[in-house]
Amino acid sequence: MQGAVQTNKIKLFIDGSNLIHRSHWVSKNAKISSVYLFLASLKKYAVKFNTNDLTIAWDDKRDQETPNFRRLLIGKKYKGTRDKQKNYEAFKTADDAARVSSCLGIKNMYPNTLEADDIIAWLCKNKYPDGDNIVISTDQDMLQLVDENNRVYSPTKDIIIDVDNFEDITGVTLDEYVQYKAIIGDKSDNIDGIPGAGPKRALKILKEGVSKQSDENKKLFDRNFKLMSLDFSLDTNPTECKHLESHHAQVLKECKTDMKQFENACKYYNMVHIMKNMNEWKQLFDSQSMDETIRDTIANIDFTAGFDK
């Protein structure tokens, strides 16, 4: 595949909008900075999966004038039930979280006209199709990306969904998943499903075949499939893929670890706990610090121990 990259290192693709939203509402209850909770989550994921190769995908599109193709399909109804004021409140610190995380060498990516889901799909399927990738999100739409090289980690349930447990968790096969979602709809995105189709009836419809549904239901299914399928999104938006290719190359070029800037940001936000444990952050995200730690460790090893002198 053109532009595809092979790598043996685990890559984490994080749904930034999903994470900042959860961080905000937890911070309100715990009276802790949402930026701190966002960063703490990133560190937790990096430690859990033993990698510092993180990319965060955001919903804040670069082209604010061109409507998302999903809105063209469904109009203002798409995500229309979401509370705009609550969303605004939750995303107020998104730019700050992105700036501070970039000091750790974490890559932040933005769509041109689409969404964070589409960025992650592009990374999984187009850029790193042969990699060892883990998507981190509570968004059920991400489950369609699961294959031999892509897993999904749900941070709220603390489970990894892969090809082995996919059907046990979702109740359908990988091949059926997007069709299943198109039948039942998506309340969070305000997408109506086939009337009366809950999980059980959706399985029955899948078994019988959508072709046996009424013309109205078949039309609804086709529309929903286009709205939900990330493959369809990438296939029918080549301009977006070109944007992501050039944007990704620019992000890789510009994204450098700067622990001094990270320390300054932590002081600015009064993130005392991070300041007290700065060495942990350096060892995890700063390759220079990691190299120095390895050199110091090797220097202190007595390689003659256990051998006759």
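Just so it is clear, the model here is predicted, and its values are computed rather than measured.

Caption draft 1: Broad picture of unusual backbone geometry. The backbone of Asn 190 sits at a positive phi, close to 60°, despite the residue not being glycine. Along the polypeptide, Asn 190 turns up in the loop between β7 (185-186) and β8 (191-192). A relative accessible area of 17% places Asn 190 in the buried class. Of note in this structure, Asn 270 is not a glycine but carries a positive phi near 55°. Structurally, the position occupied by Asn 270 is in the loop between α13 (259-268) and α14 (272-276). We classify Asn 270 as exposed; its relative accessible area is 57%.

Caption draft 2: Expanded view of the pairing of strand β4 (residues 132-136). Most of β4 is tucked away, with four of its five residues classed as buried. Sheet topology places strand β1 (residues 10-15) next to β4; five bridges connect them, and they run parallel. Across the sheet, the residue bridging to Leu 12 is Ile 134, located in β4. Sheet analysis places β4 next to strand β5 (residues 150-154), joined by four bridges and oriented parallel. Paired with Ile 134 across the bridge in β5 is Arg 151.

Caption draft 3: Here's a closer look at the pairing of β1. When you tally the buried positions in β1, you get six out of six residues, the bulk of the element. Looking at chain direction, β1 and strand β2 (residues 54-57) are connected through four bridges and run parallel. By the bridge assignment for β2, Leu 12 is matched with Leu 54.

Definitions and cut-offs
- Residues numbered from 1 in each chain as written.
- Predicted model: local features only at pLDDT ≥ 70, side-chain atom pairs only at ≥ 80, totals over all residues.
- Heavy atoms only, no water.
- Helix = DSSP H or I, 4+ residues; strand = E, 2+ residues; numbered from the N terminus.
- Buried < 20%, exposed > 50% of the residue type's maximum accessible area, 1.4 Å probe, protein only.
- Pairing = 2+ DSSP bridges.

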